[in-house]
Amino acid sequence: MLKLLARPSQHLRIGHVAACCAQWQRLFDFQLGAPKMAFTEQNKADAYLFFVLAFNAAPGTVYGGQIVEAYESGMTTAEIVAEYTTKEQFLKLYPASQTNAEFATSLVNTVASTLTAASVKAAAVADIQAALTAGWTKAQVITQILGNLAKKNVADAEWGTTVAQVNNKVAVAQALTEGAKALNTTDVTLLQSPVKTVTQDPATVATAIKGAGDLAAKLDNLLATAKDKATFAAALDLDGNGVADGLTSANVQAQVTADVTAKAGLVTVAGWAVANTAAVNKAAVDAAKATNSAAVAVAEAQVLVKQADAKTAGVTDAQIAQSAALTAAVKATADNVTLAAAQQAVAHAEVKASLSAADQLTFPAVAPTGEVTGYVKLNAGTGKLELDTSAATKVTAANQALVSALVAKAQAKLDADTASTNAVNAKNTFTTSLDADVAPLTPKADAIAAIDTAKAAVLTEQAKNPAIDKTLAAYEAAKANNDKLVVLDKAIADAEKAFTDAGFTKPVEATGALVATAGDDTYFAVGANSTIGSFGLLGKDSIYVGKGYEVNASADLKKGDDSKLEVFFKVNGGNTDVYIEQKAFGSSDATAAAGNANIAKITLTGVVADKLVLKDGFVTIAA
């Protein structure tokens, strides 16, 4: 019965770390007295083999230290195995609800190599099932297998490849429990992942050790690359209104792609196309600009003709100059109106963006008078705009600075409108005065109008080449955004590949609405808001926030330490909001409660806040 496996021939060593056990999360929760037994080489061998056999994992320094302490307290291997089979970590792998056949199959599949014959594994399953049916406990089965391992070696016809695989797994487990590559973590997934990749091939040992040794760097690199993309997306202003569009990693590619298409459509140069080579497009642009420059020369010649006609009609040089100055004033003031309107729109958008979602829905537009109901009003006495301080005011301490900026921009728009109107009136008055002596005929006014028309044609032609440059620049900027995304996505893909190459399960980016699976899910916080359902319900789930974070015990965003990166566990009804600062002052942000670029919020539904812990950059539910 239980003719399974053979003990690895090499001696196994677990570094003596029992002195630190009081500080570690306990896996077994043994009630131990003072050390009374030496921790032997046989104990070490059994400990590594037990973890590989039953858990397919390395003990790491934390659980390894606990096993050392257990042995030193006088417990035997059989007692340790028996205690372990009652604990959460074992029961997640081998649920109490399993039938004897299911447990036997799971255990054999965990241990046996892929090259082990199906008939051999079936016989082992039958042996284990028979033992359980006869009244053996799972702990007794595992202990017996540990003892039977000594009877087999890599030359065994049936179990040789499995013995080789177990030897290799033990070598990895040892490397990840002792020395420079040791994993000081209780995260089961991180302890399992390297060992799971090991086969009977000796080359897999070095690969697994290297991958596990770089785990922290891999997590940090993945987190950094994901945050780079999220930060890039959040800062984009594709519509050019001066306010970020609020894009996320999830939707930025679609928006940037659409922007590239839209900006390419604005380039109206004959012969220019996105699919062309750079040389072909340059030739098309040069030809278009040459044509436009020639048209400018023709239009300028027409101005001279119209000025000569005006003199023939009796218009003096002084009058032509005065008309030109008045026309220039009309254009300049009109341009100022356009600029002031754009700046007013930006200020209006910034106030709106600072409001709650509900207030944004009812935020008033700017009236022709410059007023914004509840925010900006016109003082009838002074004729100037000011903050609305009436009983219905919407101005608060939080938005007063932004509303004051809107007042200034709205007043500038009103002043620009007035200046534009005055300039138009001045030009009209001048034009009317030209033919006062021959009214109702208007020969001089007509001649001046002809000059204005000719000059307008010059401006139209002169604007074409700058317009080409502007549309091309807009297209190149849009294309640069897309090119940047390609680079960012490549960096993320490389960081993810480093995980899969090392045999780790790729962590999930914490953004949007997520639901934890039955496995041990690892999420990484990228600075986006998210909701995670069933967190820790079925698996040992974790959120990696990065190194250097501390938990703010007050859980009060108003009591953050602006010199530290902090995590806040805040009760939200039956849920917990995990606030993660992206900058040390993130909790001081006026809009922190809503989540922003300086602080992110991950809501864990159904999770009790005081059960959460932060260790080694991971947020988990305490055992």
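What you are looking at is a predicted structure, and each value in this text was computed from that prediction instead of being measured.

**Q** Please give an account of the overall build of the protein that cites residues and values.
**A** Each helix and strand counted, the protein has 17 helices and 11 strands in total. Here the protein has a C-alpha radius of gyration of 38 Å; the compact-globule value for 623 residues is 25 Å, and the former is much larger. Across its three principal axes, the protein shows a C-alpha extent of roughly 125 × 65 × 40 Å. By residue count, 42% of the 623 residues in the protein fall in the buried class. Once local pairs closer than 6 in sequence are excluded, the contacts in the protein between residues at least 24 apart make up 64%. Within the protein, the 60 negative side-chain charges are centred at a point lying 3 Å from the centre of the 51 positive side-chain charges.

**Q** Report on the pairing of strand E9 (residues 599-604), specifying residues and quantitative values.
**A** In the case of a regular strand, side chains alternate between the two sheet surfaces. Of all six residues making up E9, five are buried, and the element is well covered by its neighbours. In this sheet, E9 lies alongside strand E4 (residues 522-533) in parallel orientation, the contact comprising three bridges. Within the sheet, the bridge partner assigned to isoleucine 532 lies in E9 and is leucine 604.

**Q** Let's hear about the nonpolar core: which residues, and what values?
**A** Phe50, Leu107, Ile128, Ile142 and Val172 are the most contacted members of the largest nonpolar core, which has 56 residues in total. It is helix H1 (residues 41-55) that provides the largest number of residues to this core, a total of nine residues. Apart from residues lying up to four places away in sequence, phenylalanine 50 is in contact with Phe55, Val81, Tyr84, Ile142 and Leu146.

**Q** Describe the pattern of salt bridges, with residues and values.
**A** A full pass over the atoms with the stated rule returns 17 salt bridges. Among the salt bridges present, the one from lysine 311 reaches aspartate 317, with a minimum N-O distance of 3.0 Å. Note that aspartate 335 is salt-bridged to lysine 331, the shortest N-O span being 2.9 Å. With aspartate 335 and lysine 331 both in helix H14 (residues 317-353) and four residues apart, this pair spans about one turn of that helix. According to the relative accessible area criterion, aspartate 335 is partly exposed, its value standing at 39%. Taking relative accessible area as the criterion, lysine 331 reaches 42% and is therefore assigned partly exposed. Through salt bridges with shared partners, a single network forms among Glu550, Asp561 and Lys564.

**Q** Please give an account of helix H12 (residues 252-265) that cites residues and values.
**A** With 14 residues, H12 extends 20 Å between its outermost C-alpha atoms, agreeing within 8% with the 20 Å of an ideal straight helix rising 1.5 Å per residue. Every buried residue belonging to H12 is among Val252, Val256, Asp259, Val260, Lys263 and Ala264, and all of these are buried. The buried residues of H12 occupy an angular sector of 130° when the element is viewed end-on, so they sit on one face. Across H12 from its buried face, at more than 90 degrees, point the exposed residues Ala254, Thr261 and Gly265.

**Q** Kindly report on the pairing of strand E11 (residues 618-621), identifying the contributing residues and their values.
**A** One ladder, built from three bridges, connects strand E5 (residues 542-544) with E11; its direction is antiparallel. Bridging across to E11, isoleucine 543 finds its partner in valine 619. Bridging between strand E10 (residues 612-615) and E11 involves four bridges; their strand directions are antiparallel. By the bridge assignment, lysine 615 is partnered in E11 with phenylalanine 618. Turn length for the E10-E11 hairpin, with the two strands adjacent in sequence and antiparallel, is two residues, and the turn residue aspartate 616 shows positive phi of about 55°.

**Q** Give a detailed account of the side chain of lysine 229, specifying residues and quantitative values.
**A** Along the chain, lysine 229 falls in helix H11 (residues 215-235). The class for lysine 229 is buried, based on a relative accessible area of 11%. Sequence-distant contacts of lysine 229, defined by excluding residues within four places in its chain, comprise Ser249, Val252, Leu485, Leu488, Asp489 and Ile492.

**Q** Could you give an account of the packing of H12 against helix H17 (residues 443-501), naming the residues involved and the relevant values?
**A** Axis separation between H12 and H17 bottoms out at 8 Å; the angle between their running directions is 155°. Comparing the axis directions of H12 and H17 gives the class roughly antiparallel. For the element pair H12 and H17, the recorded crossing hand is left-handed. Residue-level contacts link Val252, Gln253, Val256, Thr257, Asp259, Val260, Lys263 and Ala264 of H12 to Thr471, Ala474, Tyr475, Ala478, Lys479, Asn481, Asn482, Leu485 and Asp489 of H17. When its residues are assigned to classes, the contact of H12 with H17 shows eight nonpolar, five polar and four charged.

**Q** Now, about the confidence of the model for the protein: what can you tell me, with residues and values included?
**A** Here the protein averages 86 in pLDDT, and 91% of its residues register 70 or above. Within the model, the stretch residues 4-33 combines pLDDT values under 50 with 109 contacts to residues more than four positions away or in other chains.

**Q** Tell me about the environment of alanine 439, and name the residues and values.
**A** Relative to the elements of secondary structure, alanine 439 occurs in the loop between helix H16 (400-434) and H17. Linking alanine 439 and alanine 365, residues 74 residues apart in sequence, is a C-alpha distance of 47 Å.

**Q** Quick rundown of the environment of glutamate 566? Include the residues and the values.
**A** Mapped onto the fold, glutamate 566 is located in strand E7 (residues 565-572). On the basis of relative accessible area, glutamate 566 is assigned to the buried category, the value being 5%. Placed 186 residues apart in sequence, glutamate 566 and alanine 380 show a C-alpha to C-alpha distance of 50 Å. Sequence-distant contacts of glutamate 566, defined by excluding residues within four places in its chain, comprise Tyr549, Glu550, Asn552, Gly560, Asp561, Tyr579, Ile580 and Glu581. Engagement of the side chain of glutamate 566 in a polar contact is seen with the side chain of asparagine 552, the distance being 3.1 Å. A polar contact of 2.7 Å, which involves the side chain of glutamate 566, links it to the backbone nitrogen of aspartate 561.

Rules used throughout
- Residues numbered from 1 in each chain as written.
- Predicted model: local features only at pLDDT ≥ 70, side-chain atom pairs only at ≥ 80, totals over all residues.
- Heavy atoms only, no water.
- Helix = DSSP H or I, 4+ residues; strand = E, 2+ residues; numbered from the N terminus.
- Rg over C-alpha atoms; globule rule 2.2 N^0.38 Å.
- Buried < 20%, exposed > 50% of the residue type's maximum accessible area, 1.4 Å probe, protein only.
- Contact = heavy atoms within 4.5 Å.
- Lys, Arg positive; Asp, Glu negative; His and termini not counted.
- Charge placed at Lys NZ, Arg CZ, Asp CG, Glu CD.
- Pairing = 2+ DSSP bridges.
- Core = buried A, V, L, I, M, F, W, Y, C linked by side-chain atoms within 4.5 Å.
- Salt bridge = Lys/Arg side-chain N within 4 Å of Asp/Glu carboxyl O.
- Expected span 1.5 Å × (residues − 1).
- Arc of directions from axis to C-beta.
- Axes fitted to C-alpha atoms, helices over the stretch in contact; angles between N-to-C directions.
- Parallel < 35°, antiparallel > 145°, perpendicular 65-115°, else oblique.
- Left-handed = near helix turned anticlockwise from the far one by under 90°.
- Nonpolar A, V, L, I, M, F, W, Y, C, P; charged D, E, K, R; others polar.
- pLDDT = per-residue confidence, 0-100.
- Polar contact = N/O pair within 3.5 Å; in protein donor to acceptor, adjacent residues only side chain to side chain.

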